[in-house]
Amino acid sequence: DLLWTPRIRFGGLLDVPDEHGETKSQAPVIGMGLDLLGRHSPEWTILNLRSAVVRGRLPRAHGEILISDDLATRLGILIGQVATLISATMHGSMALANFTVVGTVRFGVGPMDRGAMIADLADVQQALDMPNTAGELLGFFRDDLDHEAQADSLTSLFNAAHRSTDQFGPVMGTLREQSGLADLLDYVTFALNVVTAFFIVAMSVVLWNAGLMGSLRRYGEIGVRLALGEDKGHIYRAMLLESVAIGLVGSVLGTGVGLAGAYALQVHGVDIGQFTRKSTMMVSDVVRARVTATAFVIGFLPGLLATLFGTGVSGIGIYRRQTSQLFKELEA
């Protein structure tokens, strides 16, 4: 059910020589070794590489690399120029390898735009003395839907079945567990919850006022019904029942329409690529929604309870009406 692709992440110095072969400029780089030359490699689609190219072209042969456009400008690297990677092998020895810069890309991620390079996986394996080895194997679900629960379950099952004391033994982790991403996601979730709570309260106040004003405007009708001898408790219960019916119908229709639109966004999504042209890589241009049980609660309960509460507060005045005051109000 998943699409697997190997990667190697590494760091080092990118050294640019002058016409005499001496160092002209150099800078630290963040590197990624990807399957760039495989016929059916998924990396082109996953990282959106084709649309990320600013200058030059994509690698077509071994020994060719891409670097960030800002890094190329800062170091004065020209397309087709040879640069040397100075790094360390997986065993700690010094590694030197020459690569030809064939293109520049813009990632849309600040740290990577300042200094990053992308090379073919086989070239990085050879340069860092990592034959038939990868730093990580990334598994992607084949659709764009959310699979957090399924990923957690798969991770637990895999780690339980592959317990090993080998330092190179496989350990599976979800994306949320990588590089402190959980803290960032929790912060974003908290901020979204605050915004959602604000709008729920605002919407509830509006609906509460609607129920309150609706009942106040009916005081003349209430007075007539009381003058005709109708019981105050019966009128109050009838008004509450009416507000429940109105709130129920409105909440069902509103929640249905809202979640139908959210479901369409969940399945198809909206392409916002025209607004993210500077973030052509690493970030998906398709924005999606997610329909959850919480969405049903948020859409349904405020509409029902706020209307009922507004009617209940305004209806308390029914018990304060006096028959003598009613005759004066009705001019009878």
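One can find the structure itself at the top, above this paragraph.
Residues numbered from 1 in each chain as written. Predicted model: local features only at pLDDT ≥ 70, side-chain atom pairs only at ≥ 80, totals over all residues. Heavy atoms only, no water.

Undergrad: I keep staring at unusual backbone geometry and nothing clicks. Help me out?
TA: Among all residues except glycine, the phi angle is most often negative; among peptide bonds, the trans geometry is most common. One non-glycine residue, Asp-129, adopts positive backbone phi at about 55°. Mapping Asp-129 onto the fold places it in the loop between helix H5 (121-127) and strand S8 (136-141). At Asn-132, a residue that is not glycine, the phi angle is positive and equals roughly 55°. With respect to the element layout, Asn-132 can be found in the loop between H5 and S8. (Helix = DSSP H or I, 4+ residues; strand = E, 2+ residues; numbered from the N terminus.)

Undergrad: Help me understand the nonpolar core, please; the structure alone is not making it clear to me.
TA: For soluble globular proteins, the rule of thumb is that nonpolar side chains tend to be buried together. Membership of the largest hydrophobic core comes to 25 residues, with the highest contact counts inside it found for Leu-14, Ile-67, Ile-77 and Met-117. Breaking this core down by element, the ones donating at least two residues are strand S1 (2-17), strand S2 (23-34), strand S4 (64-68), helix H3 (69-75), strand S5 (82-88), strand S6 (94-105), strand S7 (116-120) and H5. Setting aside chain neighbours within four positions, we find Met-117 in contact with Phe-10, Leu-14, Val-29, Ile-30, Gly-31, Met-32, Ile-65, Leu-66, Ile-67, Leu-85 and Phe-99. (Core = buried A, V, L, I, M, F, W, Y, C linked by side-chain atoms within 4.5 Å. Buried < 20%, exposed > 50% of the residue type's maximum accessible area, 1.4 Å probe, protein only. Contact = heavy atoms within 4.5 Å.)

Undergrad: How should the pattern of salt bridges be read in this particular structure?
TA: When the charged atoms of two side chains lie near each other, side chains of opposite charge can form a pair. Here the structure, examined in full by the defined rule, presents six salt bridges. We note a salt bridge from Glu-43 to Arg-7, for which the minimum N-O separation is 2.9 Å. Of the two residues, Glu-43 is situated in helix H1 (residues 43-46) and Arg-7 in strand S1; the sequence distance between them amounts to 36 residues. Across the pair, Arg-7 and Glu-43 agree in class, each one buried. A salt bridge links Glu-64 to Arg-57, with the nearest nitrogen and oxygen atoms 2.9 Å apart. Looking at Glu-64, the relative accessible area reads 13%, which means it is buried. Relative accessible area serves as the criterion here: at 28%, Arg-57 is assigned to the partly exposed category. (Salt bridge = Lys/Arg side-chain N within 4 Å of Asp/Glu carboxyl O.)

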